Amino acid sequence: AQKVTQAQTEISVVEKEDVTLDCVYETRDTTYYLFWYKQPPSGELVFLIRRNSFDEQNEISGRYSWNFQKSTSSFNFTITASQVVDSAVYFCALRGITGGGNKLTFGTGTQLKVEL
Amino acid sequence: GAGVSQSPSNKVTEKGKDVELRCDPISGHTALYWYRQSLGQGLEFLIYFQGNSAPDKSGLPSDRFSAERTGGSVSTLTIQRTQQEDSAVYLCASSSFAETGAYEQYFGPGTRLTVT
């Protein structure tokens, strides 16, 4: 079975603060893919990043960065110098090649509120 | 280019009635998915279509739920004899297909279904 845990239900920060969203996953697959999606108040899920299990190199995209550590089964997401427009629910998701089939298994999401 | 589109955006129906939800995937995407998002259950996989292969129906919650995909493009999710617990946002996603499984899913805006 596959499982994604986002223990942080809600995080509130003041604009310009850095914030890290945690994601811990479980899978028996040796090949799998991890994703982050953003769901703003408008409701549409927006794809942010895909990471392959065989590539542990961290990635930075503007104010966003992702830290993938297989040793701790974690795929954390950091927003640097947060902005009000970053307010949204963020979902971490997992897709395994064999055990997971064709579906994405989502975490329960972290609601991020960025205030002025 | 155009993203995934879904219709209607909102649907209110009476308990016991049938409903049809439509999804138009991104042009050229051969894989199509339906998910359901509700407060109690989070984001749940329902069904997956890939080309002419038999769909993966492993996530459909009951035999009242069915889906088809015509011509490898548009998909319709049908819920028969709707129940109040069917109230949720139904999300459609599409993706390219790669044997390696390395692809990301792009989501539509969803259909909010309310069963009264």
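Residues numbered from 1 in each chain as written. Chains lettered and ligands numbered in written order. Predicted model: local features only at pLDDT ≥ 70, side-chain atom pairs only at ≥ 80, totals over all residues. Heavy atoms only, no water.

Participant: Got a sec to walk through the overall build of chain A? Specific residues and values, please.
Facilitator: Broken down by element type, chain A carries zero helices and twelve strands. For chain A, the succession of helices and strands along the chain, N to C, is β-β-β-β-β-β-β-β-β-β-β-β. Expressed along its principal axes, the backbone C-alpha trace of chain A runs to roughly 45 × 25 × 20 Å. The buried share of chain A, taken over its 116 residues, is 47%. Total accessible area computed for chain A in this model is approximately 5,600 Å², and 48% of it derives from carbon and sulfur atoms. (Helix = DSSP H or I, 4+ residues; strand = E, 2+ residues; numbered from the N terminus. Buried < 20%, exposed > 50% of the residue type's maximum accessible area, 1.4 Å probe, protein only. Areas by Shrake-Rupley, 256 points an atom, 1.4 Å probe, with all protein chains shown as cover.)

Participant: Run through the interface of chain A and chain B, naming residues and quoting values.
Facilitator: It is common to give the size of an interface as the accessible area lost on bringing the parts into contact. Listed per partner, the contact involves 15 residues of chain A and 18 residues of chain B. Across the chain A to chain B interface the summed buried area is about 1,600 Å²; carbon plus sulfur atoms make up 55%. Run the count over chain A and chain B and you get one salt bridge. Where chain A meets chain B, there are five residue pairs in polar contact (both at pLDDT 80 or more). (Contact = heavy atoms within 4.5 Å. Buried area = accessible area lost by both parts, 1.4 Å probe. Salt bridge = Lys/Arg side-chain N within 4 Å of Asp/Glu carboxyl O. Polar contact = N/O pair within 3.5 Å; in protein donor to acceptor, adjacent residues only side chain to side chain.)

Participant: Hey, could you go over the pattern of salt bridges for me, with residue numbers and the actual values?
Facilitator: All names here are of chain A. For the structure on display, the rule yields nine salt bridges over all chains. For glutamate 10, the salt bridge goes to lysine 113, with nearest N and O atoms at 3.5 Å. With glutamate 10 in strand β2 (residues 10–14) and lysine 113 in strand β12 (residues 110–115), this residue pair connects regions lying 103 residues apart in the sequence. A relative accessible area of 47% means that glutamate 10 is categorised as partly exposed. We note a salt bridge from arginine 51 to glutamate 59, for which the minimum N-O separation is 2.7 Å.

Participant: Please give an account of the environment of lysine 113 of chain A that cites residues and values.
Facilitator: Residue and element names in this part refer to chain A. Taking relative accessible area as the criterion, lysine 113 reaches 35% and is therefore assigned partly exposed. Taking the C-alpha atoms as reference points, lysine 113 and valine 85, 28 residues apart in sequence, are found 9.3 Å from one another. Excluding residues within four positions of it along the chain, lysine 113 makes contact with Glu10, Ile11, Ser12, Val13 and Ser87.

Participant: For the packing of aromatic side chains, give the residues involved together with the corresponding values.
Facilitator: Following the criterion strictly, the structure yields 20 aromatic pairs over all chains and no others. Taking the centre distance of 6.3 Å and the plane angle of 45 degrees together, the rings of tyrosine 25 of chain A and phenylalanine 68 of chain A count as tilted. With tyrosine 25 of chain A in strand β4 (residues 24–26) and phenylalanine 68 of chain A in strand β8 (residues 64–69), this pair connects stretches of sequence that are 43 residues apart. Assigned by exposure class, tyrosine 25 of chain A and phenylalanine 68 of chain A land together as buried. Taking the centre distance of 4.8 Å and the plane angle of 35 degrees together, the rings of tyrosine 33 of chain B and tyrosine 48 of chain B count as tilted. (Phe/Tyr/Trp six-rings, centres within 6.5 Å; stacked < 30°, edge-to-face > 60°.)

Participant: I'd like a description of the layout of surface pockets, backed by residues and values.
Facilitator: When its volume is computed, the largest pocket comes out at roughly 780 Å³. Gln39 of chain A together with Gln37, Leu39, Val89 and Arg112 of chain B are, among the 34 residues lining the largest pocket, the residues nearest its centre. Elements represented by at least two residues in the lining of the largest pocket include exactly β10 (88–96) of chain A together with β4 (31–38), β5 (42–50), β8 (88–95) and β10 (111–115) of chain B. With four residues, the single largest contributor to the lining of the largest pocket is β10 of chain B. (1 Å grid on protein atoms, 1.4 Å probe; cavity = no way out; pocket = protein on both sides within 12 Å on 5 of 7 lines; lining within 4 Å. Points joined across faces, edges and corners; volume = space filled by probe spheres on them.)

Participant: Describe the state of the cysteines, with residues and values.
Facilitator: Evaluated as defined, the whole model comprises two disulfides over all chains. Each sulfur of the disulfide joining cysteine 23 of chain A and cysteine 92 of chain A lies 2.0 Å from the other. Here cysteine 23 of chain A and cysteine 92 of chain A share a disulfide; its torsion about the S-S bond, -65 degrees, makes the bridge left-handed. Taken as a pair, cysteine 23 of chain A in the loop between β3 (19–21) and β4 and cysteine 92 of chain A in strand β10 lie far apart in primary sequence, 69 residues in all. Comparing cysteine 23 of chain A with cysteine 92 of chain A shows no difference in burial state: the two are buried. A sulfur-sulfur separation of 1.8 Å characterises the disulfide bridge that pairs cysteine 23 of chain B with cysteine 92 of chain B. Between cysteine 23 of chain B and cysteine 92 of chain B, the S-S torsion sits near -65 degrees, and that sign places the bridge as left-handed. Pair noted here: cysteine 23 of chain B is in strand β3 (residues 19–24) and cysteine 92 of chain B is in strand β8, with a separation of 69 residues, a long-range link. You can call cysteine 92 of chain B buried: its relative accessible area is 0%. (Disulfide = S-S within 2.5 Å.)

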